[in-house]
Amino acid sequence: MRDEMNDTLLMRYNRQIMMPDFDIAGQEALRNSSALVIGLGGLGCPAAMYLGAAGCGRMVLADFDAVDLSNLQRQIAHREQDVGVNKAESVRRALADINPDVRVETITQPLQDESLSAAIVDVDVVLDCTDNFATRSAVNEACVRHGKPLVSGAAIRSEGQLAVFDPRRDDTPCYHCLYGMLSEQQLTCSEAGVIAPLVGVIGSLQALEAVKILSGFGDVCAGRLLLFDGKTMQWREFKVRKDPSCAVCG
């Protein structure tokens, strides 16, 4: 439990605290919570920045990749002077400038097996901002095993997806229930391109869902898949049922 908020922090978070259904209780819950953001690219940058700015008390940023010039078109936490710097460290610096109240840790090595489990078991929510099927599957399995809610986002070309998987609830599916039959090739987007603001839309929504989970504010979109078409500015929503024969959560 962190110390009570002082006048400076009450002013910093004033616009959230003044909401009757969020109030100071929601802010304190958020400030005493922790989140793991895996992947500090197009989705992870806005997700981490908004979650940190909103007042998540402890954030763990995981990415083993370095900032490249081609990233700057959409990965808005990084600057040109960050090219060649580890992405998690780059975002840590940016977060320190925005909100020094947040305790930020970085993981700059690939998360696999025991290291992945250790990182997930130590937080309250996981944001999957990665871009490959193998990592997403491994993260989902670890979240199911340790009972941690998972906020999953994806973006390709001008299309985005958002879903929340919460193994604490018996009636909701996991990532494998939805995508278990797809191959990694079908989900790879490294050569497909992406329009810059799209990742900001989806990453910001991931932060919003994480804030809701951590603070108890609003209704989380567990059991639903949201699809966004940036070309036509249309949203579609699908209910996703738990698969009783799922190899991960069934």
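Scroll up a little and you will see the structure.
Structure report, in brief. Here the residue numbers are simple positions, counted from 1 along each chain's written sequence. Residue-level local features of this predicted model are given only where pLDDT is at least 70; pairs of side-chain atoms are given and counted only at 80 or more, and the full residue set underlies all totals for whole chains, interfaces and linings. Hydrogens and water are ignored here; the side-chain numbers use all heavy atoms of the structure.

1. Considering the overall build of the protein
And step 1. For the protein, the helix and strand inventory stands at 10 helices and 8 strands.
And step 2. Our radius of gyration is a C-alpha quantity, and the globule rule it is checked against amounts to 2.2 Å times the number of residues to the power 0.38. What you see for the protein is a C-alpha radius of gyration of 17 Å, in line with the 18 Å of a compact globule of 250 residues.
And step 3. Expressed as lengths along the three principal axes of its C-alpha atoms, the size of the protein is roughly 50 × 45 × 40 Å.
And step 4. Using a 1.4 Å probe on the protein chains alone, a residue whose accessible area is under 20% of its type maximum counts as buried, one over 50% counts as exposed, and one in between counts as partly exposed. Taking all 250 residues of the protein together, 49% fall into the buried category.
And step 5. Here the open area of atoms and residues is found with the Shrake-Rupley method and a 1.4 Å probe, where only the protein chains shown may cover a residue. Total accessible area on the protein stands at roughly 12,500 Å², and carbon and sulfur atoms take up 50% of it. By definition, any uninterrupted DSSP run of H or I lasting at least four residues is a helix, any uninterrupted run of E lasting at least two residues is a strand, and each is numbered from the N terminus.

2. Considering the sheet that holds strand S2 (residues 58-62)
What links the strands of a sheet is backbone hydrogen bonding, and the strands pair in either a parallel or an antiparallel sense.
And step 1. Strand order in this open sheet of 8 strands is S3-S2-S1-S4-S5-S6-S7-S8, and the pairing throughout is mixed. Two strands close off the open sheet at either side, each with one partner strand: strand S3 (103-107) and strand S8 (234-239). Put simply, the sheet's adjacent strands are angled 15° from each other on average, direction ignored.
And step 2. The contact rule is simple, with two residues in contact once any of their heavy atoms fall within 4.5 Å. Lines fitted to C-alpha atoms define the axes here, with helix axes fitted over just the stretch in contact, and angles between the N-to-C directions of these axes take values from 0 to 180 degrees. Most of the contacts of helix H5 (residues 87-98) go to S3, to which it runs at about 170°, and overall it touches S2 and S3.
And step 3. In this fold helix H7 (residues 133-146) packs onto strand S1 (34-38), strand S4 (125-128) and strand S5 (150-156), with an angle of close to 165° to the strand it touches most, S5. Pairing between two strands is assigned when DSSP locates at least 2 bridges connecting them.

3. Quick look at the packing of aromatic side chains
And step 1. Put simply, two rings from Phe, Tyr or Trp (the six-membered ring, in Trp's case) pair if the centres are within 6.5 Å, and we call them stacked under 30 degrees between planes, edge-to-face over 60, tilted for the rest. Within this structure, the stated rule accounts for 5 aromatic pairs.
And step 2. On the numbers, 6.4 Å between centres and 40° between planes, the contact of Phe-133 with Tyr-175 is tilted. Here Tyr-175 lies in helix H8 (residues 175-179) and Phe-133 lies in helix H7, a separation of 42 residues in the sequence. Take Phe-133 and Tyr-175: they sit in the same class, and that class is buried.

4. Structural notes on the environment of Leu-40
And step 1. Among the secondary structure elements, Leu-40 is positioned in the loop between S1 and helix H4 (44-54).
And step 2. When its relative accessible area of 0% is taken as the criterion, Leu-40 is described as buried.
And step 3. The spacing of Leu-40 and Leu-61 is 21 residues in sequence and 7.3 Å in space, taken between C-alpha atoms.
And step 4. Leaving out residues up to four positions away in the same chain, Leu-40 has contacts with Cys-45, Ala-48, Leu-61, Ala-62, Asp-63, Gln-75, His-78, Lys-87, Ala-88 and Val-91.

5. Points about the packing of H4 against H5
And step 1. At a closest axis distance of 10 Å, the pairing of H4 and H5 adopts a crossing angle of 30°. Classified by the interaxial angle, the pair formed by H4 and H5 is roughly parallel. Viewed along their axes, H4 and H5 form a crossing whose handedness is right-handed. Seen from H4, the contacting residues are Cys-45, Ala-48, Met-49, Gly-52 and Ala-53; seen from H5, they are Val-91, Ala-94, Leu-95 and Ile-98. For classification, angles of less than 35 degrees are called roughly parallel, those exceeding 145 degrees roughly antiparallel, those between 65 and 115 degrees roughly perpendicular, and all remaining angles oblique. Take the far helix as your reference; a near helix turned counterclockwise from it by less than a right angle gives a left-handed crossing, and one turned clockwise gives a right-handed crossing.

6. Some words on the packing of helix H3 (residues 23-31) against helix H10 (residues 196-215)
And step 1. Interaxial distance between H3 and H10 falls to 8 Å at its minimum, and their mutual angle equals 105°. Between H3 and H10, the angle is such that the two are roughly perpendicular. Only Val-211, Leu-214 and Ser-215 of H10 make contact with H3, whose side of the interface consists of Gly-26, Ala-29 and Leu-30.
And step 2. Classification used: nonpolar for Ala, Val, Leu, Ile, Met, Phe, Trp, Tyr, Cys and Pro, charged for Asp, Glu, Lys and Arg, polar for all others including Gly. A breakdown of the residues in the contact of H3 with H10 according to their chemical character gives 4 nonpolar, 2 polar and no charged.

7. Let's talk about the pattern of salt bridges
And step 1. Throughout this description, the term salt bridge denotes a Lys or Arg side-chain nitrogen within 4 Å of a carboxyl oxygen of Asp or Glu. One pass over the full model with this rule turns up 12 salt bridges.
And step 2. For Arg-2, the salt bridge identified is with Asp-101, shortest N-O distance 3.4 Å. One end of the pair, Arg-2, is in the segment before helix H1 (7-12); the other, Asp-101, is in the loop between H5 and S3, and 99 residues separate them in sequence.
And step 3. Here Asp-101 falls in the buried class, since its relative accessible area comes to 12%.
And step 4. For the salt bridge of Asp-65 with Lys-87, the shortest nitrogen-to-oxygen distance reads 3.6 Å. Taken as a pair, Asp-65 in the loop between S2 and H5 and Lys-87 in helix H5 lie far apart in primary sequence, 22 residues in all.
And step 5. For Lys-87, a relative accessible area of 5% translates into the label buried.
And step 6. Through salt bridges with shared partners, a single network forms among Arg-2, Arg-31 and Asp-101.

8. Re unusual backbone geometry
And step 1. We note that Asp-23 has phi near 60°; this positive angle belongs to a residue other than glycine.
And step 2. Here Asp-23 is to be found in helix H3.

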